[in-house]
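# Report on the structure
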Amino acid sequence: MTTALRLTTPAKGGGLRGAIAFEWTKLWSVRSTWWSLAAGVLLCAVFAAVIGMSVEASEKNGFDVARPAPHLAAQGIMLVQLAVLVMATLATTAEYANGSIRATLRGVPVRGRMLLAKTAVVAAVAAAAGTVFCVLGTLVTAVFAGEHGAYTAGELAAAAFGTGVYLALIAVLVIGTGTVFRSAAGTITTIIMVLLVLPELVKVTGVGWLETAGEYTPSVAGAVLMTRAGEPYGGGTALPVLLLWAAAAVAGGWAALRARDA
């Protein structure tokens, strides 16, 4: 995927505020951001419709799968999150691929400030996208699931908040990982392994401590945060788990940024 980056200089006043304005302009100046989010909206609606219809069909066949629509929609969001993954990956690695990272570091020469600004901007967009995905997914799921997906305003608000926080922290995880690898392929492969493959892989090992460790992967914690499930732990544990993963990735990215030339 190619992107056309329109470079600007940081806003007047410099500092973190100028760096954030700089990163905001860059993020929305590339087509990949718009395409990724548009794809996320489309996939969210499609997956939500499929989930809603499957619930309705299951109930007609005598299977009790009724759950609040926001919790049902969370199943689709676990796949739709790949759109946010792509957006965050390209926001980080495209600069290394086309060499514009040098212009970025001339504009914001303090590398820690640049990384912080990029992380803040992408995380904010991911949080907003997560909220939209949750609301859209809930509405579509409710239409197709009928009474089997009935929900309250409180359940929707809690799910939307949890989804926004989850995708924001996943975006931070991606930014840190992308800064380490500087490659879209390496970043996407690593994040997919962590989010989708690792939790399932440890389940089939039959090793108790590995299965327990698998419960503390980001996607498991994210599912808890989005649905307020009590298993394998509550939201009070899920949030610190996600924060630790995100912090570790950013720390690794910061170390790599300091150690290597642009």
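In what follows, the structure referred to is the one given above.
Residues numbered from 1 in each chain as written. Predicted model: local features only at pLDDT ≥ 70, side-chain atom pairs only at ≥ 80, totals over all residues. Heavy atoms only, no water.

A word on the overall build of the protein. Along the protein, the regular secondary structure elements total ten helices and zero strands. In sequence order, the secondary structure elements of the protein are arranged as α-α-α-α-α-α-α-α-α-α. Against the globule reference of 18 Å for 262 residues, the protein gives a C-alpha radius of gyration of 19 Å, in line with a compact fold. Each of the three principal axes of the protein carries a C-alpha extent, and together these read 65 × 40 × 30 Å. Long-range contacts, defined here as pairs at least 24 residues apart, represent 77% of the contacts in the protein between residues at least 6 apart. For the protein, the exposed area adds up to about 12,000 Å²; of that, 68% sits on carbon and sulfur atoms. For the protein, the separation between the mean place of its 17 positive charges and that of its 12 negative charges on side chains is 24 Å. (Helix = DSSP H or I, 4+ residues; strand = E, 2+ residues; numbered from the N terminus. Rg over C-alpha atoms; globule rule 2.2 N^0.38 Å. Contact = heavy atoms within 4.5 Å. Areas by Shrake-Rupley, 256 points an atom, 1.4 Å probe, with all protein chains shown as cover. Lys, Arg positive; Asp, Glu negative; His and termini not counted. Charge placed at Lys NZ, Arg CZ, Asp CG, Glu CD.)

The grouping of Leu42, Val46, Val50, Met53, Val143 and Phe144 at the surface amounts to a nonpolar patch, some 560 Å² of accessible area in total. Sorting the residues of the nonpolar patch by element identifies α2 (31-60) and α5 (111-145) as the ones contributing at least two each. With four residues, α2 is the single largest residue contributor to the nonpolar patch. Within the secondary structure layout, Leu42 lies in helix α2. (Patch = residues over 30% accessible without salt bridge, like charges linked within 9 Å, V, L, I, M, F, W, Y side chains within 5 Å. Salt bridge = Lys/Arg side-chain N within 4 Å of Asp/Glu carboxyl O.)

Further remarks concern the side chain of Gln81. As for its position among the elements, Gln81 is in helix α3 (residues 69-98). For Gln81, a relative accessible area of 1% translates into the label buried. If we skip the residues at most four places from it in the chain, Gln81 touches Tyr166, Leu167, Ile170, Leu195 and Leu196. (Buried < 20%, exposed > 50% of the residue type's maximum accessible area, 1.4 Å probe, protein only.)

A few words on the packing of aromatic side chains. Tallied over the entire structure, the rule returns three aromatic pairs. Geometrically, the ring pair formed by Tyr216 and Tyr233 is stacked, given 5.1 Å between the ring centres and 25° between the ring planes. Note that Tyr216 is positioned in the loop between α8 (208-214) and α9 (218-227) and Tyr233 in the loop between α9 and α10 (235-259), a separation of 17 residues in sequence. Residue Tyr233 is classed as buried on the basis of its relative accessible area, which comes to 7%. (Phe/Tyr/Trp six-rings, centres within 6.5 Å; stacked < 30°, edge-to-face > 60°.)

This paragraph deals with the packing of α5 against helix α6 (residues 153-181). Helix-helix packing is described using two parameters, namely the angle between the two axes and the distance between the axes. Two elements in contact, α5 and α6, have axes separated by 7 Å at closest approach and are oriented at 145°. As α5 packs across α6, the resulting crossing turns out to be right-handed. Looking at side-chain class alone, the contact of α5 with α6 contains 16 nonpolar, seven polar and one charged residues. (Axes fitted to C-alpha atoms, helices over the stretch in contact; angles between N-to-C directions. Left-handed = near helix turned anticlockwise from the far one by under 90°. Nonpolar A, V, L, I, M, F, W, Y, C, P; charged D, E, K, R; others polar.)

With 55 residues, the main nonpolar core has Val84, Val122, Phe133 and Tyr166 as its most contacted residues. Top element by residues in this core is α6. It accounts for 13 residues. Setting aside residues up to four positions removed in sequence, Val122 forms contacts with Leu27, Met87, Ala88, Ala91, Ala171 and Ile175. (Core = buried A, V, L, I, M, F, W, Y, C linked by side-chain atoms within 4.5 Å.)

Compared with an ideal rise of 1.5 Å per residue, which puts 29 residues at 42 Å, α6 spans 42 Å between its outermost C-alpha atoms and is within 8% of the ideal. In the stretch just after α6, Arg182 is the one whose phi turns positive, near 60°. (Expected span 1.5 Å × (residues − 1).)

Time to look at the side chain of Thr163. Inspection of the secondary structure assignment puts Thr163 in helix α6. When its relative accessible area of 1% is taken as the criterion, Thr163 is described as buried. Thr163 has contacts with Ile77, Gly130, Cys134 and Met226, leaving out every residue within four places of it along the chain.

Everything listed here is a matter of coordinates, which is why it stays silent on function.
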